[in-house]
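Residues per chain are reported as follows:
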Amino acid sequence: MKTNYVVSFDYFRVFSILVIVLGHTLTKSFQSDYPFLSNVIKGGGSLFFVFISGYLFCFLLPKIKGYLPFIASKFKRLVVPYIIFSIPIILYRYIESDSYLYNIDFDVSSIYYPILSVLTGIHMTGYWYIPAIFLFYIFSFDFLIYFSKLSIILRYILVFLFCLLSLYIHRPIENFNVFHSILYFTSFFILGMSFYLDRVRIIVIYNNWIGFFLFLLFLIINYYQVYYLAHSGNYHKDFFINAGFDFTFFKFLIITPFFYCIFEKFFIVNYSAVKKIANMSFVIYLIHPILLSMLNVTGLMLLSESYFGVLINTIIVFSFVVFICLIIHKIIFVLLGYKRSWILGG
């Protein structure tokens, strides 16, 4: 089962990062012209990433030598690359900003913008995840160890309770509140842990009818969101405000077991290209929003969309961004040698 896990999760990691990049590539015009497809894509990639992180944490648990070595490793592989990529972005944003922090008024002095940026990741699309997951490891390490030793009944009771919490609190506004984000995605992390611990039982239970039902239910909820609720993408709100049910979280909670079982059962051929891209997933996560921002700021995105049309432009931009990310990864890999992990992370 270990061999299948390693190979299948390379595919899952590649799939997840591509969903994230594609979701960030979708323009407002695309979302307007293709609302159903847009809503299928947006919001799922980061939850898949959290699920995978939980699964990998449990898989690597026997190799973890203690709290401090684990946190030090995460700091080097997550935080250091994050800061290196963030510094030029924060400096640029700081120079361009006024009394608002990236168009959001948090009623703070501009002198605190750089600090708030590093602590929250608000300076770049998707960067919220890195400070959130690092702080999650810092504060939840003992709980995660304890969780891995619980009985199956207690584990899934906790998963259920954290899912209820996520369904109520939604994501924080602009993903600014790191602790809100942590509480939101804890359910998916411990779900990933539980799937690793119960992986044999899950694969035995799963069959094509279950898969068909999960996929159909996902599409029905997606249709209901788009055409009855007129909603697309993630739900964001303040923590204590009651804003109803988070259907985006719910539908991706449903579809995650489907994709997990598909990859575990059918994607077990070890291709070196897939493994390489999987290992590049973190640097793709860091670089792709920068490239997309550059295309938007320079007007190239709008120009390309007006020339090629919404659908073709999305395919071109998505392919271009992924390709450039791989090229940049290769350049860093060659130039820095053994020091490359400080920038490439992972």
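Look up: the structure comes first, before these words.
Fair warning: this is a prediction, and the values are worked out from it, not measured in the lab.

Novice: Even after reading the chapter, I still don't get the environment of Thr248, so can you show me in this structure?
Specialist: Tracing the sequence through the fold places Thr248 in helix H12 (residues 247-266). In this structure, the C-alpha to C-alpha distance between Thr248 and His231, residues 17 residues apart in sequence, is 9.5 Å. Excluding residues that lie within four positions of it along the chain, Thr248 makes contacts with Lys42, Gly43, Gln225, His231, Gly233, Asn234 and Tyr235. There is a polar contact of 3.0 Å between the side chain of Thr248 and the side chain of Gln225. Polar contacts involving the side chain of Thr248 include one to the main-chain carbonyl oxygen of Gly233, which spans 2.6 Å.

Novice: I keep staring at the pattern of salt bridges and nothing clicks. Help me out?
Specialist: Any two side chains of opposite charge can pair, given that their charged atoms come close. Counting across every chain of the model gives four salt bridges. Residue Asp10 is joined to Lys275 by a salt bridge in which the shortest nitrogen-to-oxygen separation is 3.8 Å. Remark: Lys275 occurs in helix H13 (residues 272-279) and Asp10 occurs in helix H1 (residues 2-25); sequence separation between them is 265 residues. Residue classification places Asp10 among the buried positions, given a relative accessible area of 6%. What makes Lys275 partly exposed here is its relative accessible area of 35%. Arg201 is the partner of Asp198 in a salt bridge, and the nearest nitrogen-oxygen pair spans 3.4 Å. In this structure Arg201 comes out as partly exposed when scored by relative accessible area, which is 45%.

Novice: Sorry if this is basic, but what is going on with the packing of aromatic side chains here?
Specialist: Pairs of aromatic rings are described using the distance from one ring centre to the other and the angle between the two planes. Applying the stated criterion across every chain, the model contains 55 aromatic pairs. With 6.3 Å between their ring centres and 55 degrees between their planes, Tyr223 and Tyr228 make a pair best called tilted. A relative accessible area of 44% places Tyr223 in the partly exposed class. If you follow Arg199 out to its NZ or CZ, it ends over the ring of Tyr196, 4.0 Å from the centre.

Novice: Honestly, the packing of helix H8 (residues 152-169) against H12 in this entry has me stumped. Any pointers?
Specialist: The geometry of a pair of packed helices is captured by two quantities: the angle between their axes and the separation between those axes. Where H8 meets H12, the axes come as close as 8 Å, and the angle between the chain directions of the two elements is 145 degrees. Taking contact as the criterion, the partners of Cys163, Ser166 and Leu167 in H8 are, on H12, Phe249, Phe250 and Leu253. Class assignment of the residues belonging to the contact of H8 with H12 gives a composition of five nonpolar, one polar and no charged.

Novice: I'm lost on unusual backbone geometry in this one. Help?
Specialist: For residues that are not glycine, phi is negative in most cases, and the peptide bond is trans in most cases. Positive phi, close to 60 degrees, is recorded for His170, a residue that is not glycine. Note on placement: His170 falls in the loop between H8 and helix H9 (178-197). Judged by its relative accessible area of 1%, His170 is buried. At Glu174, a residue that is not glycine, the phi angle is positive and equals roughly 60 degrees. For Glu174, the location among the structural elements is in the loop between H8 and H9. Accessibility expressed as a relative area gives 47% for Glu174, which makes it partly exposed.

Novice: Hey, could you run me through helix H16 (residues 310-336) in this one?
Specialist: It helps to recall that an α-helix has 3.6 residues per turn; residues three or four apart then point in one direction. Counted at 1.5 Å a residue, the expected span for H16 with its 27 residues is 39 Å, and the 39 Å between its end C-alpha atoms agrees. Turning to H16, its buried residues number three or more, namely Val310, Asn313, Thr314, Val317, Phe318, Val321, Val322, Cys325, His329 and Ile332.

Novice: Got a minute to help me understand the environment of Tyr92 in this structure?
Specialist: When you line up the elements, Tyr92 lands in helix H5 (residues 67-96). As for Tyr92 and His123, which are separated by 31 residues in sequence, their C-alpha atoms are 9.8 Å apart.

Novice: Is there a simple way to explain a nonpolar patch on the surface in this structure?
Specialist: A surface patch of nonpolar side chains, about 760 Å² in accessible area, is lined by Tyr34, Leu37, Tyr307, Phe308, Leu311, Ile312, Ile315 and Ile316. Listed by contribution, the elements that provide at least two residues to the nonpolar patch are helix H15 (300-308) and H16. A total of four residues in the nonpolar patch trace back to one element, the largest contributor, which is H16. Inspection of the secondary structure puts Tyr307 in helix H15. Given a relative accessible area of 68%, Tyr307 falls into the exposed group.

Novice: Just checking my understanding: could you explain the nonpolar core for this structure?
Specialist: What tends to happen in soluble globular proteins is that the nonpolar side chains get buried as a cluster. Formed by 90 residues in total, the largest nonpolar core has its most connected members in Phe12, Phe57, Tyr137, Phe185, Phe189 and Tyr260. Counting five residues, the second largest nonpolar core, distinct from the first, contains Val19, Phe30, Ile41 and Val310.

Calculation rules
Note on numbering: residues in each chain are counted from 1, in written sequence order. Owing to the predicted nature of the model, reporting of local features is limited to residues with pLDDT of at least 70; listing and counting of side-chain atom pairs is limited to 80 or more, with chain, interface and lining totals taken over all residues. For side-chain calculations, the full set of non-hydrogen atoms in the structure is used, while hydrogens and water are omitted. Going along the chain from the N terminus, every DSSP run of H or I of four or more residues is numbered as a helix, and every run of E of two or more is numbered as a strand. Any pair of residues with heavy atoms lying within 4.5 Å of one another is described as a contacting pair. Side-chain atoms alone can form a polar contact between residues adjacent in sequence; in general such a contact is a pair of N or O atoms within 3.5 Å, and within protein one must be able to donate a hydrogen while the other accepts it. In what follows, salt bridge is the name for a side-chain nitrogen of Lys or Arg lying within 4 Å of a carboxyl oxygen of Asp or Glu. Using a 1.4 Å probe on the protein chains alone, a residue whose accessible area is under 20% of its type maximum counts as buried, one over 50% counts as exposed, and one in between counts as partly exposed. In this scheme Phe, Tyr and Trp rings, the latter by its six-membered ring, pair at centre separations within 6.5 Å, and the angle between planes marks the pair as stacked below 30 degrees, edge-to-face above 60, and tilted otherwise. Whether a charge lies above a ring is judged from NZ of Lys or CZ of Arg, which has to be within 6 Å of the ring centre and within 35 degrees of the ring normal. Only the stretch in contact is used when fitting a helix axis, every axis being a line fitted to C-alpha atoms; angles between N-to-C directions are given from 0 to 180 degrees. Residues were grouped as follows: Ala, Val, Leu, Ile, Met, Phe, Trp, Tyr, Cys and Pro as nonpolar; Asp, Glu, Lys and Arg as charged; and all remaining residues, including Gly, as polar. Expected helix span is computed as 1.5 Å times (number of residues minus one). Like-charged residues are merged into a patch within 9 Å and nonpolar side chains (Val, Leu, Ile, Met, Phe, Trp, Tyr) within 5 Å, provided each residue has over 30% relative accessible area and no salt bridge. To measure how exposed things are, a 1.4 Å probe is used in the Shrake-Rupley method; for residues, cover is taken only from the protein chains shown. To define a nonpolar core, start from buried Ala, Val, Leu, Ile, Met, Phe, Trp, Tyr and Cys residues and group those joined through side-chain atoms within 4.5 Å.

Such coordinate-based values are descriptive only and should not be taken to indicate function.
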